[in-house]
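Survey of secondary and tertiary structure
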Amino acid sequence: MSNATALPSTRLANVLASRSKTLLVIESTAVLFINVFALGGNVLLYLAIRRNPRLRGNTTNLFILSLAFSDILMAFLCMPFSAGVFIQGRWVYGQFVCQLQGVAFFVLAFVSLETMALVAVNRYVNVTKPAVYRRIFTRRRSIKMLIFVWLLCIAYVAFFAGLKWPAFVFDPGKTICHIKISDPAYRTAWNAITIVIFALLPMATLFLCYWRVLKSVRRHNAETLRSLRASNLRGNVRALEDIKISKLILGLIAGFACCWIPSYGIAYIKLAYPPIAEQRLPQTLWVFLVFSSSAINSIIYGILNRTFRAEILKMITCRRRGEIASEDKEMTHL
């Protein structure tokens, strides 16, 4: 997400406008699929958490709820315009929409990254220090953490965007409106702060917590298998539920990292090798990866979480809770 040092390339704009019909159909279909999946999946996830008291009462799900909300906004405010660009081969939405998409894109992308870091810390503390977890991650404190993350990201983007308005220009390689900072000092500051605070810090947090939680899950698996033969069933059920929750979050973190690590690699490699900015393939891959990160949340929950699947089934089929009581007995805390 580094700032371009020049106006978007005319060559990239020409390449975008002159794509073959086959490539146009493939790219347009792919981005529309991601858009629909991100919007629909995250709306279902958001509603499932809001409707189900067991899902809503879990503090981890406050962070997942915030993540789903940011992904819904990304699918509503950013993806449709990029999809239109892939279809029409150019930006046709005017200056106001360009500024709106640019602000929304960066705020929501940064919110997602910082929220995922909070999710990782939440699960790490829960698994390794349960007593500390109950003291730190209360509902009120968790909400305050989320408010701080949102305000931080909004203030950061607003500050740099406010240096010279309009601050965003259409980038035909990435098919989004990207921030353009003319002053070299501010441009360097944007690049440095973004890579440290919104790339390295959340990614390092994700991997450190991922590694520590993975070790704890393996240890808990071994301990639970031993204790199941001789100890109290209630404690074992709780331990098994924590393990399931942690495995789910690990899957979410892994999928998130698979999208964001390559996208940041593409964004920052052009600082060391500027000619890559003139190549359309890595720029297009970048936007697909970023947009895909907004869809994996609901995909992973739908695949790995029985409670989420059961709640979605209730909403889709309009069945009464009593009709799926047997499913509820198997639900985890998520």
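Residues numbered from 1 in each chain as written. Predicted model: local features only at pLDDT ≥ 70, side-chain atom pairs only at ≥ 80, totals over all residues. Heavy atoms only, no water.

Moving on: unusual backbone geometry. The amide bond that connects Trp-165 to the next residue, Pro-166, takes the cis arrangement and shows omega of 0°. Here Pro-166 lies in the loop between α8 (139–161) and β1 (168–171). The phi dihedral of Thr-175 falls on the positive side, at around 60°, and the residue is not glycine. (Helix = DSSP H or I, 4+ residues; strand = E, 2+ residues; numbered from the N terminus.)

Packed helices, taken two at a time, are described by the angle between their axes plus the distance between the axes. The geometry of helix α6 (residues 94–128) relative to α8 is characterised by a closest axis approach of 9 Å and an angle of 145° between their N-to-C directions. Helix-helix and strand crossings are classified by hand; for α6 and α8 the assignment is right-handed. Contact with α6, carried on its side by Val-103, Phe-106, Val-107, Leu-108, Phe-110, Val-111, Glu-114, Thr-115 and Leu-118, involves Met-145, Leu-146, Val-149, Trp-150, Cys-153, Ile-154, Tyr-156 and Val-157 of α8 and no other residues of that element. Taken together, the residues of the contact of α6 with α8 break down into 15 nonpolar, 1 polar and 1 charged. (Axes fitted to C-alpha atoms, helices over the stretch in contact; angles between N-to-C directions. Left-handed = near helix turned anticlockwise from the far one by under 90°. Contact = heavy atoms within 4.5 Å. Nonpolar A, V, L, I, M, F, W, Y, C, P; charged D, E, K, R; others polar.)

On to the pattern of salt bridges. Applying the stated criterion across every chain yields a total of 3 salt bridges. The salt bridge involving Glu-27 is made with Arg-19; its shortest N-O contact spans 2.7 Å. Taken individually, Glu-27 and Arg-19 each receive the classification buried, so the pair is uniform in this respect. Ionic pairing is found between Asp-171 and Lys-174, a salt bridge with its closest N-O pair at 3.9 Å. Among the residues examined, Asp-171 registers a relative accessible area of 11% and is labelled buried. When its relative accessible area of 2% is taken as the criterion, Lys-174 is described as buried. (Salt bridge = Lys/Arg side-chain N within 4 Å of Asp/Glu carboxyl O. Buried < 20%, exposed > 50% of the residue type's maximum accessible area, 1.4 Å probe, protein only.)

Attention now moves to the nonpolar core. Phe-105, Phe-110 and Phe-291 are the most contacted members of the largest nonpolar core, which has 89 residues in total. Residue contributions to this core peak at 18 residues, all from α6. (Core = buried A, V, L, I, M, F, W, Y, C linked by side-chain atoms within 4.5 Å.)

This part is about the state of the cysteines. Scanning all chains against the criterion turns up 1 disulfide. Between Cys-98 and Cys-177 runs a disulfide, and the two sulfur atoms are separated by 2.1 Å. Disulfide Cys-98 to Cys-177: torsion about the S-S bond roughly -125°, handedness left-handed. With Cys-98 in helix α6 and Cys-177 in strand β2 (residues 176–179), this residue pair connects regions lying 79 residues apart in the sequence. One exposure class covers both Cys-98 and Cys-177, and it is buried. (Disulfide = S-S within 2.5 Å.)

It is worth stressing that arrangement in space is one thing and function is another; only the former is reported here.
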